[in-house]
Amino acid sequence: MNLVSELILILIGFIIVAVAADRISLLFPRIKLPIITGLLFIGILAGPFVLRLLPTEAIPQLNFLNQISLAFIAFAAGAELYLKDLNNRLKSIKWMTFGQLFFTFTLGGLSVWFLSNQIGFMKDLDWQIRLAIALLAGTIFVSRSPVSAIAVINEMRAKGPFTQTVLGVTVLKDVLVIILFTLCFAVSDALVNKMPFEVWLVFILVLELSLSFLLGFLLGQLLKGLLSLRMSIRIKSLLVLAIGYSIYLLAHWVHDTSLEFLGFDIYIEPLLICIIGSFIVVNFSSYRRDFLKIVEEVVPVIYIIFYTLTGASIKLDILVYTWGIALLFFFIRLASIAIGAYIGGTLGGDPIEYNRISWMPFVTQAGVALGLVSVVAAKYPDWGHEFATILIGVIIINEVVGPPLFKWAILKVGESHARGTSLASSKEQVALIFGLEGQSLALARQLMDHDWNVKVLTRNREKARMEYRGINVDFIQDFSLASLKEAGMEKADAIILMNQDDDNLLVAELAYENFGTRDIIVRVHERPNLRRFHELEALIVDPNTAMVSLLDHMVRSPVATSLLLGFDKEQDTIDVEMQNPVFHGIPLRDLRLPSDIIVVATKRNDNTLISTGYTVLHLGDVLTIVGSVESLEKVKLKMEGSEKTGRKRARSARKSVVFRKRRDLKR
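Residues numbered from 1 in each chain as written. Predicted model: local features only at pLDDT ≥ 70, side-chain atom pairs only at ≥ 80, totals over all residues. Heavy atoms only, no water.

## Brief notes about the overall build of the protein
When its secondary structure is counted, the protein shows 26 helices and 10 strands. Classification of the 667 residues of the protein by burial places 52% in the buried group. Look at the contacts in the protein between residues 6 or more apart in sequence, and 75% of them connect residues 24 or more apart. In the form shown here, the protein has an accessible surface area of approximately 31300 Å², with 63% of it arising from carbon and sulfur atoms. (Helix = DSSP H or I, 4+ residues; strand = E, 2+ residues; numbered from the N terminus. Buried < 20%, exposed > 50% of the residue type's maximum accessible area, 1.4 Å probe, protein only. Contact = heavy atoms within 4.5 Å. Areas by Shrake-Rupley, 256 points an atom, 1.4 Å probe, with all protein chains shown as cover.)

Here's what the structure looks like:
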């Protein structure tokens, strides 16, 4: 009972530290450091070597939290390996992954082996143990962090072939590194225990891998069964965490049972099992969105627990004496990544400008690397903590240096679309508002809040010279074709006509016949003019009936109307034009969209389709999407093509359609 009471007190103390770490780590991005680094730092402060909020004896008792976290980190890594996202850049991803896996593992392992006499805790170890450490260190050098890569990509709003290759290699490499770690861990165990090499050892290794793959497959089926149940997302999340922890309990049971009854231990890798299980759910089930939603909700909490506990586990007394070795290993890893990335990119046929900087996105390490380090430390307590401390030092350096290098590489290849950069303007949506009045200025401000580039046009020269609190108001001489071109009509995605009907009709006809403008919105004053605007495919707002229609929809469907009107600040509805050639011909169900996104409709040429998972996307489709503001931004980024000609191509297609319809009307 005393042990239970002690564990509860330690757990409460750790929760308090973790909550504090979560809040304090939010300050680290202000000094250009990742949140993960902040969590590690707070964990170190709270650990046994500084503030001693978590004493030395508390760390082993919290190991079950570490195992729960590792299982879920493996679930998150496997969920990122979505095969349909990798098809377009498969050749480049394949060779880049091979290059980095081979050269980073080989050069990193050899470096540790040859430097073993210079590393304090390795000097007096037998050559077999030193070889085992070199194999394990080389494996950990290979790992990269999918989560930190995605964080940088989202921050930079990056898209394009370079970014797609980086993400594919990052995720695939972390899956392969778990398999490599399983092999090296088995070989290392034989070396540490000085077991002579025999054929049956190879058989056991193959048996262990086969058993891990089989259990991973069964885990995938179990997760699919769980996700099919009707229960709240929180209960499902708790059950997924419990299942992940049970894999570690199963691994311990298999180890102990095999030793007792077979005379040798069978090691099944929990991380590999969990990755395979989530991979099966994401790629071969209809519950991908449900599983991704669980991952999105739980991962932030798991990371707080895992990184804080990892920081508290770092032995600062050892790190002080091994910091030089950690720095040396960092540069060795950097050089091996650069060699592997260049050779892999060359074999994959990537442009030379990519290959020169292709090593930069793969420096950062985090969850999986720390997980592998903790596995080694727990398995070999005699030298594992010294091993873990040095490699955690390497990982911390990589975590600090890696994200800025990745950001610089994205900027270098021109795939950043972060707000405020010169590239963002090429994708900015443009609206022209004809008519200067209170409503037009209010509309301009609202569109600008949603990142539109808005210009208000007026024929009153004096009013155009006045200031309107950041709104761009320009003078237009008349509504001739030349004046409209000068005003930028060719680049407009939407025009809003708020003048008198005659002027509105003139502008609408010119836009329809000459520019193929995507959306023409007109405020009609006289109802007899409705038919003429309908012929020009304008979207009509009739002031006489607009308020009645709005109230009608508010009564019959208050939730949907409130959402469409933007009353819920956390949710929004937008139209996104599909300009990315990568997704042409792909069904909506095969896209990796955020779990809170719903594609309501798809407009193709003149036809509006009610979207289903089987709706096949075409270039130029306009998707009406509902979801959270953050998720809408991700989908918009995904759908916008990496080529600057995407918008021109879509506009040309629209022009051909409206010209053809114009001819049909004349006939």
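## Some remarks on the layout of surface pockets
In this structure, the second largest pocket encloses a volume near 920 Å³. As for the second largest pocket, its lining consists of 37 residues, and the residues nearest its centre are Asn-63, Ser-374, Ala-377, Ala-378 and Lys-379. Here the lining of the second largest pocket is composed, by residue class, of 22 nonpolar, 11 polar and 4 charged. (1 Å grid on protein atoms, 1.4 Å probe; cavity = no way out; pocket = protein on both sides within 12 Å on 5 of 7 lines; lining within 4 Å. Points joined across faces, edges and corners; volume = space filled by probe spheres on them. Nonpolar A, V, L, I, M, F, W, Y, C, P; charged D, E, K, R; others polar.)

## Topic: the sheet that holds strand β6 (residues 539–541)
In sheet architecture, strand pairing relies on hydrogen bonds along the backbone and comes in two forms, parallel and antiparallel. Taken in spatial order, the 6 strands make up an open sheet running β3-β2-β1-β4-β5-β6, and their pairing is parallel. Edge positions in the sheet fall to β3 (472–475) and β6, since each of these pairs with one other strand and no more. Each neighbouring strand pair of the sheet contributes to a mean axis angle of 20°, computed without reference to strand direction. Across 4 bridges, the pairing between strand β1 (residues 429–434) and strand β4 (residues 494–497) is parallel. What sits directly across from Phe-434, in β4, is Leu-497. Those strands touched by helix α18 (residues 438–449) are β1, β2 (452–458), β3, β4 and β5 (519–523), and its axis lies near 165° from that of β2. Against the sheet, helix α21 (residues 501–514) touches β1, β4 and β5, its axis set at about 170° to β5. (Pairing = 2+ DSSP bridges. Axes fitted to C-alpha atoms, helices over the stretch in contact; angles between N-to-C directions.)

## Considerations on a nonpolar patch on the surface
There is a patch of nonpolar side chains on the surface, built from Phe-98, Phe-102, Ile-339, Tyr-342, Ile-343, Leu-347 and Ile-352 and spanning about 600 Å² of accessible area. Mapped by element, the contributors of at least two residues to the nonpolar patch are α6 (90–114) and α14 (316–347). When residues in the nonpolar patch are grouped by element, the largest group, 4 residues, is from α14. Relative to the helices and strands, Ile-343 is located in helix α14. Here Ile-343 falls in the partly exposed class, since its relative accessible area comes to 32%. (Patch = residues over 30% accessible without salt bridge, like charges linked within 9 Å, V, L, I, M, F, W, Y side chains within 5 Å. Salt bridge = Lys/Arg side-chain N within 4 Å of Asp/Glu carboxyl O.)

## Overview of the packing of helix α1 (residues 2–25) against helix α2 (residues 35–46)
At a minimum axis distance of 9 Å, the contact between α1 and α2 shows a crossing angle of 140°. In terms of orientation, α1 lies oblique with respect to α2. By crossing handedness, the relation of α1 to α2 is classed as right-handed. Mapping the contact onto sequence places Val-17, Ala-21, Asp-22, Ile-24 and Ser-25 in α1 and Ile-35, Gly-38, Leu-39, Ile-42 and Ala-46 in α2. (Parallel < 35°, antiparallel > 145°, perpendicular 65-115°, else oblique. Left-handed = near helix turned anticlockwise from the far one by under 90°.)

## Looking at α21
Its 14 residues place the ends of α21 20 Å apart at the C-alpha level, agreeing with the 20 Å of an ideal helix rising 1.5 Å per residue. Residues of α21 that are buried: Asp-501, Asn-504, Leu-505, Val-507, Ala-508, Leu-510, Ala-511 and Tyr-512. (Expected span 1.5 Å × (residues − 1).)

## Comments concerning the environment of Gly-345
For Gly-345, the location among the structural elements is in helix α14. Overall, Gly-345 belongs to the buried group, its relative accessible area being 0%. Among all residues touching Gly-345, those that are not within four sequence positions of it are Met-96, Asp-350 and Asn-355.

## Quick look at the side chain of Arg-523
With respect to the helices and strands, the residue Arg-523 is situated in strand β5. Of the polar contacts made by the side chain of Arg-523, one reaches the side chain of Glu-437; its length is 2.9 Å. Ignoring anything within four residues of it in the chain, the contact list for Arg-523 reads Glu-437, Gln-439, Leu-497, Met-498, Asn-499, Asp-501, Asn-504, Val-541 and Pro-543. (Polar contact = N/O pair within 3.5 Å; in protein donor to acceptor, adjacent residues only side chain to side chain.)

## Observations regarding the nonpolar core
Within the largest apolar cluster, 135 residues are counted, with the highest numbers of intra-cluster contacts made by Phe-72, Phe-121, Ile-133, Phe-291, Phe-329, Trp-383 and Phe-387. One finds Phe-479, Ala-508, Ile-520 and Ala-538 within the second-largest nonpolar core, a separate group that totals 25 residues. (Core = buried A, V, L, I, M, F, W, Y, C linked by side-chain atoms within 4.5 Å.)

## Section: the confidence of the model for the protein
Of the residues in the protein, 87% reach a pLDDT of 70 or more, and the chain-wide mean stands at 79. Here helix α26 (residues 646–666) stands out as the least confident element of the protein, with mean pLDDT 47; β4 is the most confident, with 91. Note that residues 419–426 has pLDDT below 50 and, in this model, 13 contacts with residues that lie over four places away or in other chains. The low-confidence segment residues 642–663, where pLDDT is below 50, has 45 contacts with residues more than four positions distant or belonging to other chains. (pLDDT = per-residue confidence, 0-100.)

## What about the side chain of Asp-501?
Note that Asp-501 resides in helix α21. Salt bridges are absent for the buried Asp-501, whose nearest opposite-charge side chain, Arg-523, sits at 7.6 Å. Here His-525 takes part through its backbone nitrogen, which lies 3.0 Å from a polar atom of the side chain of Asp-501. Residues contacting Asp-501, with those up to four places away along its chain left out, are Arg-523, Val-524, His-525, Glu-526, Asn-529 and Phe-533. (Lys, Arg positive; Asp, Glu negative; His and termini not counted.)

## Some points on unusual backbone geometry
Of note in the backbone geometry, Arg-52 takes a positive phi value of approximately 60° without being a glycine. Note that Arg-52 resides in the loop between α2 and α3 (58–61).

## Some details on the pattern of salt bridges
Applying the stated rule across the entire model yields 4 salt bridges. Across the pair Asp-474 and Lys-455 runs a salt bridge whose closest N-O atoms are separated by 3.6 Å. Here the residue Asp-474 occupies a position in strand β3, and Lys-455 occupies one in strand β2, the gap between them amounting to 19 residues. In this structure Asp-474 comes out as partly exposed when scored by relative accessible area, which is 27%. A salt bridge links Asp-503 to Arg-459; its shortest N-O distance comes to 2.9 Å. Here the residue Asp-503 occupies a position in helix α21, and Arg-459 occupies one in the loop between β2 and α19 (461–464), the gap between them amounting to 44 residues. Take Asp-503: its relative accessible area is 21%, and that puts it in the partly exposed class.

## Section: the pairing of β5
Burial within β5 is extensive, with 4 of its 5 residues counted as buried. Across 3 bridges, the pairing between β5 and β6 is parallel. The partner of Arg-523 across the bridge, within β6, is Val-541. Handedness of the β-α-β unit built from β5, helix α22 (residues 530–535) and β6 comes out right-handed. (Right-handed = clockwise from strand over helix to strand, strands pointing away.)

## Notes on the packing of aromatic side chains
In this structure the tally under the stated criterion is 17 aromatic pairs. Seen from their ring centres, Phe-185 and Tyr-380 are 6.1 Å apart, and the 50° between their planes marks the pair as tilted. One end of the pair, Phe-185, is in helix α9 (residues 161–192); the other, Tyr-380, is in the loop between α16 (367–379) and α17 (384–413), with 195 residues separating them in the sequence. Geometrically, the ring pair formed by Tyr-380 and Trp-383 is stacked, given 4.8 Å between the ring centres and 15° between the ring planes. Its relative accessible area of 7% is what places Tyr-380 among the buried residues. Members of the aromatic cluster, each reached through a chain of ring pairs, are Phe-181, Phe-185, Tyr-380, Trp-383 and Phe-387. Lying over the aromatic face of Trp-113, Arg-130 brings its terminal NZ or CZ to 5.9 Å of the ring centre. Positioned over the ring face of Phe-475 is Arg-461, at 4.1 Å from the centre of the ring. (Phe/Tyr/Trp six-rings, centres within 6.5 Å; stacked < 30°, edge-to-face > 60°. Lys NZ or Arg CZ within 6 Å of the ring centre and 35° of its normal.)

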